[in-house]
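Commentary on secondary and tertiary structure
Residues per chain, in single letters:
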Amino acid sequence: MTARTYYDADSTEGRPTWTPAGIGPSKVAERVDRVMAHAFKSMGLPFDDRSHLPVRRYIARMKLTPAQLAMLVRLLGNSYAGGHQIPADDDRCERYDCTYSEYRRVVFYAYRAALSLLVETAPRSRLDLDDLLETLMAWPGALPPNLQDSIASVIGAHVADTIAGRPFKRRALVAHGGAR
């Protein structure tokens, strides 16, 4: 069986850290905090479709593995929480001196930045593609508009191969650097 690229259930990155001072945030939660701090520092108002680019460059410099990047995407997606405010967001709005709607917009563009990097990693198996598809469907419209059609056509080709019983072909969803 092929190992999964996008999701590693055994990863310790998502688990809280245990220190003599008590329980601390997980490594991925610390990354999310750094990404959000950078996003608030680098993004200006008004937002547009290219607002994610400075954050994308910042995340790319972190040199994350696909599994780490997928965890970052998921945690950023959870920060958005499907349109419902989560209690921790009140503290974050106060920390960044912003309104809740501004916070949600910055989270959206940080999520878009991480997701645009994640789709540059070609799935190695159908299991990886299933994981990626679940991530892509979690927040419709989050992919940069210039990538949506090309990614949909590649995923469609994967689905057609599966239905026809053809073997899995490793295809990149977008060319490396395609989300710029």
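The preceding data block contains the structure.
Residues numbered from 1 in each chain as written. Predicted model: local features only at pLDDT ≥ 70, side-chain atom pairs only at ≥ 80, totals over all residues. Heavy atoms only, no water.

The next point concerns helix 7 (residues 145–164). Compared with the 28 Å implied by 1.5 Å per residue over 20 residues, the 30 Å span of helix 7 between its first and last C-alpha is a close match. Considered for burial, the residues of helix 7 that qualify are Leu-147, Ile-151, Val-154, Ile-155, His-158 and Asp-161. Considered in projection along helix 7, the buried side chains sweep an arc of 105° and stay on one side of the axis. Residues of helix 7 that are exposed and point over 90 degrees away from its buried face: Asp-149 and Ile-163. Here the buried face of helix 7 lies against helix 5 (100–118) and helix 6 (126–138). (Helix = DSSP H or I, 4+ residues; strand = E, 2+ residues; numbered from the N terminus. Expected span 1.5 Å × (residues − 1). Buried < 20%, exposed > 50% of the residue type's maximum accessible area, 1.4 Å probe, protein only. Arc of directions from axis to C-beta. Contact = heavy atoms within 4.5 Å.)

Here we come to the packing of aromatic side chains. Scanning the model with the defined rule gives four aromatic pairs in all. Pairing Phe-108 with Tyr-109 gives two aromatic rings, centres 5.0 Å apart and planes at 80°, and the pair type is edge-to-face. Accessibility assignment for this pair places Phe-108 and Tyr-109 in one class, buried. The interplanar angle of 65° and the centroid separation of 5.3 Å between the aromatic rings of Phe-108 and Trp-139 together place this pair among those described as edge-to-face. (Phe/Tyr/Trp six-rings, centres within 6.5 Å; stacked < 30°, edge-to-face > 60°.)

With that out of the way, let us pick up the environment of Cys-93. Mapped onto the fold, Cys-93 is located in helix 4 (residues 87–96). C-alpha of Cys-93 to C-alpha of Tyr-103: the two residues are 10 residues apart in sequence and 6.4 Å apart in space. Those residues within four positions of Cys-93 in sequence are excluded, and the remaining contacts are Cys-98, Thr-99, Tyr-100 and Tyr-103.

Taken together, the side chains of Lys-41, Arg-50, Arg-57 and Arg-61 present a region of like positive charge at the surface. As for its placement among the helices and strands, Lys-41 is situated in helix 1 (residues 27–42). (Patch = residues over 30% accessible without salt bridge, like charges linked within 9 Å, V, L, I, M, F, W, Y side chains within 5 Å. Areas by Shrake-Rupley, 256 points an atom, 1.4 Å probe, with all protein chains shown as cover. Salt bridge = Lys/Arg side-chain N within 4 Å of Asp/Glu carboxyl O. Lys, Arg positive; Asp, Glu negative; His and termini not counted. Charge placed at Lys NZ, Arg CZ, Asp CG, Glu CD.)

Another aspect to go through is the packing of helix 6 against helix 7. How two helices pack is summed up by the angle between their axes together with the distance between the axes. Interaxial distance between helix 6 and helix 7 falls to 12 Å at its minimum, and their mutual angle equals 135°. What the angle tells us is that helix 6 and helix 7 run oblique. At the point where helix 6 passes helix 7, the crossing takes the left-handed sense. Counting all contacts with helix 6, which are made through Arg-126, Leu-129, Leu-133 and Leu-136, the residues of helix 7 involved are Ile-151, Ile-155, His-158, Asp-161 and Thr-162. Looking at the contact of helix 6 with helix 7 residue by residue, the classes come out as five nonpolar, two polar and two charged. (Axes fitted to C-alpha atoms, helices over the stretch in contact; angles between N-to-C directions. Parallel < 35°, antiparallel > 145°, perpendicular 65-115°, else oblique. Left-handed = near helix turned anticlockwise from the far one by under 90°. Nonpolar A, V, L, I, M, F, W, Y, C, P; charged D, E, K, R; others polar.)

Moving on, we come to the nonpolar core. Core analysis: the largest hydrophobic core is formed by 46 residues, its most contacted members being Met-36, Ile-59, Leu-72, Val-119 and Ile-151. Listed by contribution, the elements that provide at least two residues to this core are helix 1, helix 2 (53–61), helix 3 (66–80), helix 4, helix 5, helix 6 and helix 7. (Core = buried A, V, L, I, M, F, W, Y, C linked by side-chain atoms within 4.5 Å.)

Moving on: the side chain of Glu-120. The residue Glu-120 is located in the loop between helix 5 and helix 6 in this model. Of the residues examined, Glu-120 reaches a relative accessible area of 10% and is grouped as buried.

Positive phi outside glycine occurs at Lys-63, with the angle close to 55°. The residue Lys-63 is located in the loop between helix 2 and helix 3 in this model. Accessibility expressed as a relative area gives 70% for Lys-63, which makes it exposed.

This next bit is on helix 5. Between its first and last C-alpha atoms helix 5 spans 27 Å; for 19 residues at 1.5 Å apiece the expected length is 27 Å, and the two agree. Within helix 5, 15 of the 19 residues are buried, which leaves the element mostly enclosed by the surrounding structure.

The next thing to look at is the packing of helix 1 against helix 2. Where helix 1 meets helix 2, the axes come as close as 9 Å, and the angle between the chain directions of the two elements is 145°. Once helix 1 is placed against helix 2, the crossing between them reads as right-handed. Along the contact surface, helix 1 presents Arg-34, Val-35, His-38, Ala-39 and Ser-42, while helix 2 presents Pro-54, Val-55, Tyr-58, Ile-59 and Arg-61. For the contact of helix 1 with helix 2, the per-class residue count stands at six nonpolar, two polar and two charged.

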